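What the coordinates show
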Amino acid sequence: METPAQDQLSQVLRLLRLLYKDTLSGLSGVLHCVSSVRVADEPARRHVININEHAPRSATDSFVLNLARASADAIVTTAEVLRAEPQLSHELQGPLAQGLARYRRAVLGKLEPPCVAILTRSAQLPPEHRVFRDQNLNLVLTAPEHAPLLAAKLARAQVLGVPALDIHSAVSLLEQRGARTILIEAGPSTAGRLYDPPSRVQHLLLSQFDGALDARALGGALPPEAALFSGLACVSEHSVQEPSGPWRFQHWQRSDRQHE
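Structural notes, computed from the coordinates. The model shown is predicted, which means the values in this text are computed figures rather than measured ones.

So, on to the packing of aromatic side chains. Per the stated rule, a full pass over the model turns up three aromatic pairs. On the numbers, 4.0 Å between centres and 20° between planes, the contact of Phe-229 with Trp-252 is stacked. In this pair, Phe-229 is assigned in the loop between helix 8 (225–228) and strand 10 (232–242) and Trp-252 in strand 11 (residues 245–254), connecting sequence segments 23 residues apart. For Trp-252, a relative accessible area of 14% translates into the label buried. Seen in terms of ring centroids, Trp-247 and Phe-249 are 6.1 Å apart; in terms of plane orientation they differ by 10°. Their pairing is stacked. Like Trp-247, the residue Phe-249 is buried in the burial classification. What links up through ring pairs into an aromatic cluster is the set Phe-209, Trp-247 and Phe-249.

Rendered as structure tokens:
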């Protein structure tokens, strides 16, 4: 008889196959996971969905984000995201959290929690934020002149001063520290720079809401589709009818990785 954790792992694997078939096996490189919506007067680009009380709810979209977190060696976010979401936590959540934790350990062989790298050039970082109570390793990347002050304020984080800090230098630093799968959880203006040629994004997990979006949940624009999908191929797509409306879940993968 399966234990509750084993049963949850079985559910995770079934849902994983349903959504993405076997396209996530051996996941590595830079992974961008984002919930999006099309806007009628901007047919060539998408906008992110702001996570607030007006956003459409999707249990599947929540699972996808937590699956991405379970797969990551490192997660990149920003102080701006933390300020906008005071209750944000990168620990595994939802009804299948136990199964995702088992998936991370038993299937992926990742025994340590991910490193969460928080970018802040201004050093305006709330030390009381929930993320600093998580079990993940918190790494704060900031301008060298701000590093001593932040280190004194943030007892549960490692603070590094990084000259010319941006999303590219953060990804490179994490790769140098041994991270094989790096999840991007930054806003569209920051994450979008990774799509500048040559794009650093190897995998895009794109959740698309196809219903009518409350304007108060409309977030910033992603790069134009020509840049967003440049060099990527859609290797899986699955549609789900949620109580909030229709959703599509796609995995875009850098096409030169398909024959590795």
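A separate point is the nonpolar core. Side chains of nonpolar character tend, in soluble globular proteins, to be buried together. Judged by nonpolar contacts, the single largest core of 45 residues is most densely connected at Tyr-20, Leu-125 and Val-140. Leu-125 has contacts with Ala-79, Leu-82, Ile-118, Thr-120, Phe-132, Val-140, Leu-150, Lys-153 and Leu-154, leaving out every residue within four places of it along the chain. Membership of the second largest hydrophobic core comes to 32 residues, among which are Leu-141, Leu-173, Ile-182 and Phe-229.

Turning next to the side chain of Thr-142. Note on placement: Thr-142 falls in strand 5 (residues 137–142). Within the local environment of Thr-142, its side chain forms a polar contact with the backbone oxygen of Thr-120, the two atoms lying 2.6 Å apart. If we skip the residues at most four places from it in the chain, Thr-142 touches Thr-120, Arg-121, Ala-123, Ala-147, Leu-150, Val-159, Leu-160, Gly-161, Val-162 and Leu-165.

The subject of this paragraph is helix 4 (residues 97–107). Because an α-helix packs 3.6 residues into every turn, residues spaced three or four apart end up facing the same way. What helix 4 keeps buried is the set Ala-97, Gly-99, Leu-100, Tyr-103 and Arg-104. Summarising the axial view, the buried residues of helix 4 lie within an arc of 165°, below the 170-degree limit, and thus occupy one face. Phi turns positive, to about 70°, at Gly-109, one or two residues after helix 4.

The interhelical angle for the contact between helix 2 (residues 59–71) and helix 4, taken along N-to-C directions, is 30°, at an axis separation of 9 Å. Considering their axes alone, helix 2 and helix 4 lie roughly parallel with respect to each other. Crossing of helix 2 over helix 4 shows right-handed handedness. The residues of helix 4 that touch helix 2, namely those facing Phe-63, Asn-66, Leu-67, Arg-69, Ala-70 and Ser-71, are Leu-100, Tyr-103 and Arg-104. A breakdown of the residues in the contact of helix 2 with helix 4 according to their chemical character gives five nonpolar, two polar and two charged.

Take Val-37: it is sitting in strand 1 (residues 29–39). Its relative accessible area of 2% is what places Val-37 among the buried residues.

Now for the pattern of salt bridges. Tallying each qualifying case throughout the model produces eight salt bridges. As a salt-bridge pair, Lys-110 and Asp-73 come within 2.8 Å of each other at their nearest N and O atoms. Within this pair, whereas Lys-110 is found in the loop between helix 4 and strand 4 (115–120), its partner Asp-73 is found in the loop between helix 2 and strand 3 (74–78), the two being separated by 37 residues in sequence. When its relative accessible area of 14% is taken as the criterion, Lys-110 is described as buried.

Most of strand 11 is tucked away, with eight of its ten residues classed as buried. Here ten bridges tie strand 10 to strand 11, and the two strands are oriented antiparallel to one another. Bridging from a neighbouring strand, Ser-239 pairs with Arg-248 of strand 11. Where strand 10 folds back onto strand 11 in an antiparallel hairpin, the turn is made up of two residues.

We now examine unusual backbone geometry. Residue Pro-198 is reached from Pro-197 by a cis peptide bond, and omega for that bond is -5°. Looking at the element boundaries, Pro-198 is found in the loop between helix 7 (188–191) and strand 8 (201–209). Positive phi, normally seen in glycine, also occurs at Ala-123, with a value near 70°. Examined against the element boundaries, Ala-123 turns out to sit in the loop between strand 4 and strand 5. Phi at Ala-164 is positive, roughly 50°, even though this residue is not glycine. Tracing the chain through its elements places Ala-164 in the loop between strand 6 (158–161) and helix 6 (167–176). Under the relative-accessibility criterion, Ala-164 is labelled exposed at 69%.

About the thresholds
- Residues numbered from 1 in each chain as written.
- Predicted model: local features only at pLDDT ≥ 70, side-chain atom pairs only at ≥ 80, totals over all residues.
- Heavy atoms only, no water.
- Phe/Tyr/Trp six-rings, centres within 6.5 Å; stacked < 30°, edge-to-face > 60°.
- Helix = DSSP H or I, 4+ residues; strand = E, 2+ residues; numbered from the N terminus.
- Buried < 20%, exposed > 50% of the residue type's maximum accessible area, 1.4 Å probe, protein only.
- Core = buried A, V, L, I, M, F, W, Y, C linked by side-chain atoms within 4.5 Å.
- Contact = heavy atoms within 4.5 Å.
- Polar contact = N/O pair within 3.5 Å; in protein donor to acceptor, adjacent residues only side chain to side chain.
- Arc of directions from axis to C-beta.
- Axes fitted to C-alpha atoms, helices over the stretch in contact; angles between N-to-C directions.
- Parallel < 35°, antiparallel > 145°, perpendicular 65-115°, else oblique.
- Left-handed = near helix turned anticlockwise from the far one by under 90°.
- Nonpolar A, V, L, I, M, F, W, Y, C, P; charged D, E, K, R; others polar.
- Salt bridge = Lys/Arg side-chain N within 4 Å of Asp/Glu carboxyl O.
- Pairing = 2+ DSSP bridges.

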